[in-house]
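The residues making up each chain are set out below.
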Amino acid sequence: MVASDGPTASWHTVSLPEDNAKAFWGYPSEGDQHTVRSSIRAAEGLLNSIESAGSTWPKAFWQEAWHGSPCLPLAESCPTMQVQGIVTPDRIEDVSGALEEHWKRTHSTTAIDARHDAVFGMAFYCIRILKELLGIGIGTSILGRLALRTIVEVRINLHYLLKEENLELWKKWREYGVGQAKLNALKFDDSLEPPKYIDIESIEQITGEDLWEEFLTINIGGWSGLDLRRLSEKAGLKDLYDSHYSWTSGYTHGTWGPIRESCYQTCGNPLHRLHRYPERKSLRETVEDAAHVVDDMLDDVDFAYPGYGHRITEKTKK
Ligand SMILES: [Zn+2]
């Protein structure tokens, strides 16, 4: 093996045992590559050790390789999973319509009913997200992961509230939300203009419709005083939290892992040393996972207000 360093060329000859040389030349494209890999790594280490510290040829070699050959995909992009056929807009509409009927059947008072509003509201909210996920390309996008994370969070909160079954806790959950609305309304009472997407009248209405604004306490932090991980433990949904929340949270916060997964591809050109290059990759489908979590929420609705048998991914329960 030889190496040249331009004007200050240095040459090295490396002798290999015959067995190793044969193994290198006949590098198996499949099957057992372990013995060959380790001896190649050892030989590379040897070359490194004899190369002079100030050598410039490796850098020049890789620079030339980089400028002189194109990036190539390492492998086919991950296959896009087919969304289970039953998760369709029509199916979601049917389930949502039936839920509205069940809401009517179980709505017993025009007074504030924090439990009823919360149980159905959480379900309607997640069904709406699920339907939006069916938009073209959304399920395999970054937004799909944000959607799934929200559905999981709402599911954990609902299950926790039902497990605790304490009217004060239902009220506390609602008042926290109203307090957040008030906090936002107050921000834009000052010299700060609301951004275009904020409907300030809508927020002010939410702030004032339960009780007079002046009596409302604003809680900072989580509504329950517990983080979602702790809530999931108390709700018996730690597995759901572990399965879905951590990686999708990386997408919400824009940490390196999700950025790397969604915006970079590994180059398969052997002259490019497996570097990354920008590519907007299609990610794995989220719709089916989200639909299962929504179905679990519908089980909770049925538990809280019996008589609701519709599900999205399963056959309608009797
Ligand atoms: Zn490349």
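Whatever comes next refers back to the structure up there.
Residues numbered from 1 in each chain as written. Predicted model: local features only at pLDDT ≥ 70, side-chain atom pairs only at ≥ 80, totals over all residues. Heavy atoms only, no water.

A closer look at the coordination of the zinc ion
Here is the rule: For Na, K and Ca the donor cut-off is 3.2 Å, while for other metals it is 2.8 Å, and in both cases only N, O and S atoms qualify; water is not among them, so sites may look incomplete. A helix here means a DSSP run of H or I that spans at least four residues, while a strand means a run of E at least two residues long, and both kinds are numbered starting from the N terminus. Note on exposure labels: buried denotes an accessible area under 20% of the residue type's maximum, exposed denotes more than 50%, and partly exposed covers the range between, all computed with a 1.4 Å probe on protein chains only.
At 2.1 to 2.5 Å from the zinc ion lie its protein donor atoms, namely C71 (SG), C267 (SG), H272 (ND1) and H275 (NE2). Between the donor residues of the zinc ion, the gaps in sequence give the motif C-x195-C-x4-H-x2-H. Residue C71 is found in the loop between helix 3 (57-68) and helix 4 (89-106), and its partner H275 is found in the loop between strand 1 (264-266) and strand 2 (276-278); the two are separated by 204 residues along the sequence. Judged by its relative accessible area of 30%, C71 falls in the partly exposed class.

Quick word on the side chain of H272
Spelled out, the test is: Here, residues are in contact when the closest pair of their heavy atoms is within 4.5 Å.
Along the chain, the position of H272 falls in the loop between strand 1 and strand 2. Not counting residues within four places of it along the chain, the set of residues in contact with H272 comprises A65, W66, S69, P70, C71 and C267.

Digging into the packing of helix 5 (residues 114-133) against helix 7 (residues 167-187)
Convention followed: Axes, fitted as lines to C-alpha atoms, cover a helix only where it is in contact. Angles between the N-to-C directions of the axes lie from 0 to 180 degrees. To sort the angles, those under 35 degrees are grouped as roughly parallel, those over 145 as roughly antiparallel, those from 65 to 115 as roughly perpendicular, and the leftovers as oblique. Each crossing gets its hand from how the near helix is turned against the far one by less than a right angle, where anticlockwise is left-handed and clockwise is right-handed. Residue type decides the class: Asp, Glu, Lys and Arg count as charged, Ala, Val, Leu, Ile, Met, Phe, Trp, Tyr, Cys and Pro as nonpolar, and the leftover types, Gly among them, as polar.
In contact at an axis separation of 9 Å, helix 5 and helix 7 are set at 60 degrees when each is read in the N-to-C sense. With respect to helix 7, the element helix 5 is oriented oblique. As for the relative orientation of helix 5 and helix 7, their crossing is left-handed in sense. Contacts between helix 5 and helix 7 involve A114, R115, D117, A118, V119 and M122 on the former and, on the latter, W170, K171, W173 and R174. Of the residues that constitute the contact of helix 5 with helix 7, the class distribution is six nonpolar, no polar and four charged.

Comments concerning the pattern of salt bridges
Spelled out, the test is: Any Lys or Arg side-chain nitrogen located within 4 Å of an Asp or Glu carboxyl oxygen qualifies as a salt bridge.
Using the criterion set out here, one finds twelve salt bridges in the structure. The partner of K104 in a salt bridge is E101, and the shortest N-O contact between them spans 3.6 Å. Taken together, the residues span about one helical turn, with K104 and E101 both in helix 4 at a distance of three residues. Look at K104 and you get exposed, because its relative accessible area is 53%.

Some words on the nonpolar core
Rules: Each nonpolar core is a collection of buried residues, namely Ala, Val, Leu, Ile, Met, Phe, Trp, Tyr and Cys, held together in the definition by side-chain atoms within 4.5 Å.
Residues L99, V119, L130, I156, W170, V294 and L298 are the most contacted members of the largest nonpolar core, which totals 49 residues. Breaking this core down by element, the ones donating at least two residues are helix 4, helix 5, helix 6 (142-164), helix 7, helix 9 (228-235), helix 10 (238-253) and helix 12 (287-304). If you tally residues by element for this core, the top one is helix 5, at eleven residues. In contact with W170, other than residues within four places in its own chain, are A114, R115, A118, V119, L158, L161, L162 and E165. Counting five residues, the second-largest nonpolar core is a separate cluster that includes A185, F188, I198 and I203.

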